[in-house]
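Residue strings, one per chain:
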Amino acid sequence: MENPEHLKADLLAQVEAAATLQALEDVRVAALGKKGAITAQMKTLGGLDPEARKAMGQALNAVKDAVAEAIDTKKAAMADAELDAKLLAERVDVTLPVRPEREGQLHPISRTIEEVVAILGEMGFEVHEGPEIEDDWYNFTALNIPEDHPARQEHDTFYLPGHGAKGRKVLRTHTSPVQIRTMLKTKPPLRIIAPGRTYRCDYDATHSPMFHQVEGLVIDKAVHMGHLKGCLIDFCRAYFGVDDLPVRFRPSYFPFTEPSAEVDIGCSREGGEFKIGHGDSWLEILGCGMVNPKVLENCGIDPAEYQGFAFGVGVERIAMLKYGIPDLRTFYESDLRWLRHYGFSALDVPSMVGGLNP
Ligand code: DAH
């Protein structure tokens, strides 16, 4: 039987000499493994008398612990050293210029909707959505556009095969049916906007069969025309980033509002250059009005108790005006050069501080 102290010194020297993690592992197996040196010594204990067996057993266990601890300590140190070396070799040179990378861009339509939602969201409007495939009743009848009404023709509707619970299926011609769906579903007071796609059978430089609108609806107990005007004047000024932008309300007609108005903003066309702001011209940008009592009744709201106002904005139109995009059709051509020119960085979040970032 080997002297435990010699055994210990020998094994610790081997641990000390191990230069790699693998060498250390070999030492561990050779010392503590099933066929290792300490294990072999343990196996000889049976031949000793009880006193000597006890003493020898304790001594061998102490050797085992000491060797195991030495291996663990060395292993941790080696792992640290290995990591340090790796980190040193991988050091990033922060002075190197960034490699050019092509970032995706936000389409001007998405960007404009984000801006409108940011401005009106700030005023307390909540975003609601409705289906693009509508029933005739929501798109027309409930909005006080009955069967034989000329407005139906003006809408150049895409009719779809089949009927829903509330009449023929159509591709919604405006986002106004979201008003109806919201009033039927949620009790007033209401303050909602509904951005989304709309469809009409029309195609030229300022019309596309698919386009976007944002609908707005406010219903409460003492809402009047002054609220409508304040809200839309503020909206126009924030959106176009012109604090004193002239805004005028021109009497108009929509079946779902009474009275109805069209909103014009001031602009100038001096020397062939178009500019939004003060000038001698006006430009129509949206429709609005006080919600027609018939529409409230169609949605089960008592017009003697509640009133409200509504508005509808064409997203492409206000995007073209703000960003100087001359032809509406280019929005949908997916020409990458156009998208890179008119697109926005996704990181450029609309902010209300000092108007919106361009
Ligand atoms: N729905 C109208 C359109 O598509 C826009 C509109 C006008 C919506 C007046 C409204 C409104 O809510 O009050 O032309």
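The structure under discussion appears in the preceding block.
About the criteria used
Residues numbered from 1 in each chain as written. Predicted model: local features only at pLDDT ≥ 70, side-chain atom pairs only at ≥ 80, totals over all residues. Heavy atoms only, no water. Axes fitted to C-alpha atoms, helices over the stretch in contact; angles between N-to-C directions. Helix = DSSP H or I, 4+ residues; strand = E, 2+ residues; numbered from the N terminus. Parallel < 35°, antiparallel > 145°, perpendicular 65-115°, else oblique. Contact = heavy atoms within 4.5 Å. Nonpolar A, V, L, I, M, F, W, Y, C, P; charged D, E, K, R; others polar. Near = heavy atom within 4 Å. Polar contact = N/O pair within 3.5 Å; in protein donor to acceptor, adjacent residues only side chain to side chain. Areas by Shrake-Rupley, 256 points an atom, 1.4 Å probe, with all protein chains shown as cover. 1 Å grid on protein atoms, 1.4 Å probe; cavity = no way out; pocket = protein on both sides within 12 Å on 5 of 7 lines; lining within 4 Å. Sits in = over half its atoms within 2 Å of the grid points. Core = buried A, V, L, I, M, F, W, Y, C linked by side-chain atoms within 4.5 Å. Buried < 20%, exposed > 50% of the residue type's maximum accessible area, 1.4 Å probe, protein only.

Engineer: Explanation requested: the packing of helix α9 (residues 225-240) against helix α11 (residues 315-323) in the structure shown.
Structural biologist: Helix packing for two helices is described by the angle between their axes and how far apart those axes are. Relative to each other, α9 and α11 sit at 45 degrees, their axes nearing to 11 Å. The angle between the axes of α9 and α11 places the two elements in the oblique class. When α9 is examined against α11, the residues Phe235, Tyr239 and Phe240 are found in contact with a partner set consisting of Ile318, Ala319, Leu321, Lys322 and Tyr323. Across the contact of α9 with α11, the residue classes tally to seven nonpolar, no polar and one charged.

Engineer: Help me understand the site of the ligand in this model?
Structural biologist: Neighbouring the ligand are 15 residues, the closest being His174, Ser176, Arg200, Gln213 and Glu215. His174 has a polar side-chain atom sitting 2.9 Å from a nitrogen atom of the ligand. Contacts to the ligand include Arg200, whose side-chain N or O atom sits 2.8 Å from an oxygen atom. In the complex, 90% of the free accessible area of the ligand, which totals 350 Å², lies under the protein chains. Under a 2 Å grid-point criterion requiring more than half of the atoms, the pocket assigned to the ligand is the largest pocket. A class-by-class count of the residues in the shell around the ligand yields five nonpolar, eight polar and two charged.

Engineer: Please clarify how the nonpolar core should be interpreted in this entry.
Structural biologist: Inside soluble globular proteins, nonpolar side chains tend to come together where they are buried. Formed by 47 residues in total, the largest nonpolar core has its most connected members in Phe235, Phe240, Ile265, Ile285, Leu286 and Phe311. At the level of elements, α5 (108-122), β7 (210-220), α9, β9 (257-268), β11 (281-291), β12 (307-314), α11 and α12 (336-342) are the ones that each hand at least two residues to this core. If one sorts the elements of this core by residue count, α9 sits on top with eight residues. Core analysis: the second largest hydrophobic core is formed by 20 residues, Phe140, Ile145, Leu217 and Ile301 among them.

Engineer: Is there a simple way to explain unusual backbone geometry in this structure?
Structural biologist: Peptide bonds are, in most cases, trans, and in most cases residues other than glycine have a negative phi. A cis amide bond links Pro188 to the next residue, Pro189, at an omega of 5 degrees. Residue placement: Pro189 occurs in the loop between α8 (177-185) and β6 (190-199). A positive phi angle is found at Asn144, which is not glycine, with a value near 70 degrees. With respect to the helices, strands and loops of the structure, Asn144 is situated in the loop between α6 (136-139) and α7 (150-154).

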